[in-house]
Amino acid sequence: MNLGLIYKAVRETRVSTLAFAAGLFVFELLVGIMLATFHKEFSDKFLPLEFIQKIFAALLGTEVGTVGPAVLSMLGWIHPIVLALVWAHAIVVCTRVPAGEVDRGTLDVLLALPVTRTSVYASESAVFVCSNLLIVGAGFGGNVVGNWISGLERAGSLGQFTLVALNLYALSLAAGGMSAFLSSVCDRRGRAMGTAFAILMASLFLSSMSTFNTIVKSVSVVSLMNYYRPYGILQGQASPLGDIIVLLAIGTVLWIIGAVVFVRRDLRTV
Amino acid sequence: MVERLTKCYGRRVGVEALSLRVPEGTMFGFLGPNGSGKTTTIRVLMGFLRPSSGAARVFGLDCCRDGARIKAEVGYLPGDLRLYPWLTCRKAMRLFGRVRGRDLTKAGGDLAEEFGLDPNVRVRAMSRGMRQKLGLVLAFAHQPRLLILDEPTASLDPLMQDKLYGRLRAVVSTGGTVLLSSHTLNEVENLCSRVAILRNGRLVADESLDRLRSQARRKVTIRWRSVEDALRAPPDGVDWTERSAFHWHGVVRSPMTDLLRWVAEQPIDDFTLESPDLAEIFRGYYV
């Protein structure tokens, strides 16, 4: 790693990182506050409805039975906006090098510096790992503050919610590792971003549909979302450590393959 | 520097079996039309591209394996320079100094002043010429042993070009080496002591400029005293391109002595022998 390159990466990503972090904090805060205001009415009128239960089952990727406060409090962790913010950050930051640099034609200037390609890749990745922690941390903070303001009884302990946040962090690291790999094999950043987004959407789709279809369920093991189970963590059904390890392993393997490709390939601005 | 270097892009050949050595302490001109393989060679030297076969070395180090060590002592200006839009000259010196592990603020500031570059203007607000100046400042600031410059005078006004030429001469006079790729044959002729010419990815010439000139055919012009004198039989060893009433123009192809002996006996008003310039030599390789 190189401090100068880390400074450059921070300089170029700080605005988007802060925007994503602020967005996630505000969203989690609002979810907490809003749940307090419509919790009673929602519980009485909507939760008994079967289609509402199916929507939650699809979002959580697991059968939830009767939708209660525990399921409702998961809304802040499984809402598509949350996933979109975390994934968008992973995709934006992890496709900067080399695809982004190739795309904007600045790769020549970057690689003319006395640094190895491994160092360039590692510096960028280090910035992603830290900035992503900041984003998930902001979401977690928003969730805690939102719950505190609303005064709603928590569906789980703070430790359990911390595990949920760590599970989300591992998910975003896996998305980042995949984006870094795609960035290494693509000359166009748009192509790398589009492919990463499509894979994550497919992953979400597989996971959502797996509760309704046994064939989809059997192939959903390849979906990243299969290893993000916040509801299971709160219910004590899922092993968060196992899921986190699987997600980190996927992210690390893809990241390493991306590094090898980046170090070995020809690089030209397009 | 490069030995039997071949670089292919799929089926297309970028450079083929190119062997070239740039002597230390020289200004080396690298010539060739578009697509001849100049930029490919430079990119291999910079470690951006991997050779399909052959070897590329700088300071005795392998360009792929030891790229970082090599680039610590190389200043590079790409032909199609793109810089980060948020960068100013001052920020660039801080950033690149951090990466290189040395303070470049003083050297960069002096260079910016010399090239007339405002150190606080962002790249996004710069003209092409200003961006090129910043690229040159970045290439020179760490006082590299080797400068690899791809079309360095593109977008520079004549005054700045003169300043750059002065800088390049100063680099060479202090033992530095310059590899200059350019389409501007005049500047190569004025600056370089040795040139390599590429055609279709192959080396067609690698000579000192003096030797290239001596090998090239000279132009001859004869002005006769009268129309009658111009009617006499021409000597052998010259390809006459024009023979009018008073003037003969041609290109000498055999040893000069025969022609000079013949001219000495002729009733002529004027006789001119022109040394060919680089542009003509260059064209000679492509016609």
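Residues numbered from 1 in each chain as written. Chains lettered and ligands numbered in written order. Predicted model: local features only at pLDDT ≥ 70, side-chain atom pairs only at ≥ 80, totals over all residues. Heavy atoms only, no water.

Visitor: Summarise unusual backbone geometry; cite the residues concerned and give the values.
Guide: When glycine is set aside, most residues are seen to have a negative phi, and most peptide bonds are trans. Residues Val 97 of chain A and Pro 98 of chain A are joined by a peptide bond in cis, for which omega reads 0°. Within the fold, Pro 98 of chain A resides in helix 6 (residues 96-104). Despite not being glycine, Phe 59 of chain B has its phi angle at roughly 55°, a positive value. Counting through the fold element by element, Phe 59 of chain B comes out in the loop between strand 4 (53-58) and strand 5 (61-62). (Helix = DSSP H or I, 4+ residues; strand = E, 2+ residues; numbered from the N terminus.)

Visitor: Before we move on, could you go through the pattern of salt bridges and cite the residues and values that matter?
Guide: All names here are of chain A. This model, assessed by the stated rule, comprises 21 salt bridges over all chains. One salt bridge in this structure joins Glu 101 and Lys 8, with 2.9 Å as the shortest N-O distance. Of this pair, Glu 101 sits in helix 6 while Lys 8 sits in helix 1 (residues 3-45), and the two are 93 residues apart along the sequence. Among the residues examined, Glu 101 registers a relative accessible area of 0% and is labelled buried. The salt bridge involving Arg 96 is made with Glu 12; its shortest N-O contact spans 3.0 Å. Pair noted here: Arg 96 is in helix 6 and Glu 12 is in helix 1, with a separation of 84 residues, a long-range link. Each of Lys 8, Glu 12, Arg 96, Glu 101, Arg 104 and Glu 124 takes part in one network of salt bridges that share partners. (Salt bridge = Lys/Arg side-chain N within 4 Å of Asp/Glu carboxyl O. Buried < 20%, exposed > 50% of the residue type's maximum accessible area, 1.4 Å probe, protein only.)

Visitor: How would you sum up the sheet that holds strand 11 (residues 219-224) of chain B? Please name residues and give values.
Guide: Residues and elements named next belong to chain B. Across the sheet, which stays open at both edges, the 4 strands sit in the order 12-13-11-14 with antiparallel pairing between neighbours. Strand pairing shows two members of the sheet lacking a second neighbour, strand 12 (238-243) and strand 14 (268-274), which therefore form its edges. If you compare each strand with its neighbour and ignore which way they point, the axes differ by 20° on average. Pairing of strand 12 with strand 13 (residues 247-252), which is carried by 5 bridges, proceeds in the antiparallel orientation. Looking at strand 13, one finds that Arg 243 is bridged to Trp 248. Sheet contacts for helix 9 (residues 256-264): strand 11, strand 12, strand 13 and strand 14; angle to strand 14, the most-contacted strand, approximately 165°. (Pairing = 2+ DSSP bridges. Axes fitted to C-alpha atoms, helices over the stretch in contact; angles between N-to-C directions. Contact = heavy atoms within 4.5 Å.)

Visitor: Describe a nonpolar patch on the surface, with residues and values.
Guide: Residues and elements named next belong to chain A. On the surface, Phe 25, Val 26, Leu 30, Ile 33, Met 34, Val 145, Trp 148 and Ile 149 cluster together into a nonpolar patch covering about 740 Å² of accessible area. Contributions of two or more residues to the nonpolar patch are made by helix 1 and helix 8 (117-150). Of all the elements, helix 1 adds the most residues to the nonpolar patch, at 5 residues. Position of Phe 25 relative to the elements: it lies in helix 1. (Patch = residues over 30% accessible without salt bridge, like charges linked within 9 Å, V, L, I, M, F, W, Y side chains within 5 Å. Areas by Shrake-Rupley, 256 points an atom, 1.4 Å probe, with all protein chains shown as cover.)

Visitor: I'd like a description of the pairing of strand 8 (residues 177-181) of chain B, backed by residues and values.
Guide: Strand residues, when the strand is regular, have side chains that alternate between the two faces of the sheet. All names here are of chain B. Counted residue by residue, strand 8 has 5 buried out of 5 residues, so it is predominantly covered. Alternating positions in strand 8 separate into two faces, Thr 177, Leu 179 and Ser 181 on one and Val 178 and Leu 180 on the other, with burial throughout. Of the strand pairs in this sheet, strand 3 (residues 27-31) and strand 8 are connected by 4 bridges, and their pairing is parallel. Its bridge partner lying in strand 8, Phe 28 is registered against Leu 179. Looking at chain direction, strand 7 (residues 146-150) and strand 8 are connected through 5 bridges and run parallel.

Visitor: Which residues make up helix 10 (residues 189-209) of chain A, and what are the values?
Guide: The terminal C-alpha atoms of helix 10 of chain A, which comprises 21 residues, lie 30 Å apart, in line with the 30 Å expected from a rise of 1.5 Å per residue. Among the residues of helix 10 of chain A, those classed as buried are Ala 192, Ala 196, Leu 200, Ser 203, Leu 204, Leu 206, Ser 207 and Ser 208 of chain A. (Expected span 1.5 Å × (residues − 1).)

Visitor: Quick rundown of the packing of helix 5 (residues 128-140) of chain B against helix 6 (residues 158-173) of chain B? Include the residues and the values.
Guide: Residue and element names in this part refer to chain B. Relative to each other, helix 5 and helix 6 sit at 10°, their axes nearing to 13 Å. Relative to helix 6, helix 5 is oriented roughly parallel. Taken together, the residues of helix 6 that come into contact with helix 5 (itself represented by Lys 133, Leu 136 and Phe 140) are Met 160, Leu 164, Arg 167, Leu 168 and Val 171. Here the contact of helix 5 with helix 6 is composed, by residue class, of 6 nonpolar, no polar and 2 charged. (Parallel < 35°, antiparallel > 145°, perpendicular 65-115°, else oblique. Nonpolar A, V, L, I, M, F, W, Y, C, P; charged D, E, K, R; others polar.)

Visitor: Account for the interface of chain A and chain B, naming residues and giving values.
Guide: Facing 28 residues of chain A, the contacting portion of chain B comprises 26 residues. Both faces considered, chain A and chain B share a buried interface measuring about 2600 Å² in area, 57% of it formed by carbon and sulfur atoms. Counting the surface chain A buries against chain B, the share from its top three residues, Asp 108, Val 109 and Pro 114 of chain A, is 23%. For the pair chain A and chain B, the number of links is 2 salt bridges. With its nearest N and O atoms 2.6 Å apart, the salt bridge here joins Asp 108 of chain A to Arg 43 of chain B. Where the side of chain A that touches chain B is concerned, the elements lending two or more residues are helix 1, helix 6, helix 7 (107-111) and helix 13 (240-264) of chain A. (Buried area = accessible area lost by both parts, 1.4 Å probe.)

Keep in mind these values describe shape, not function.
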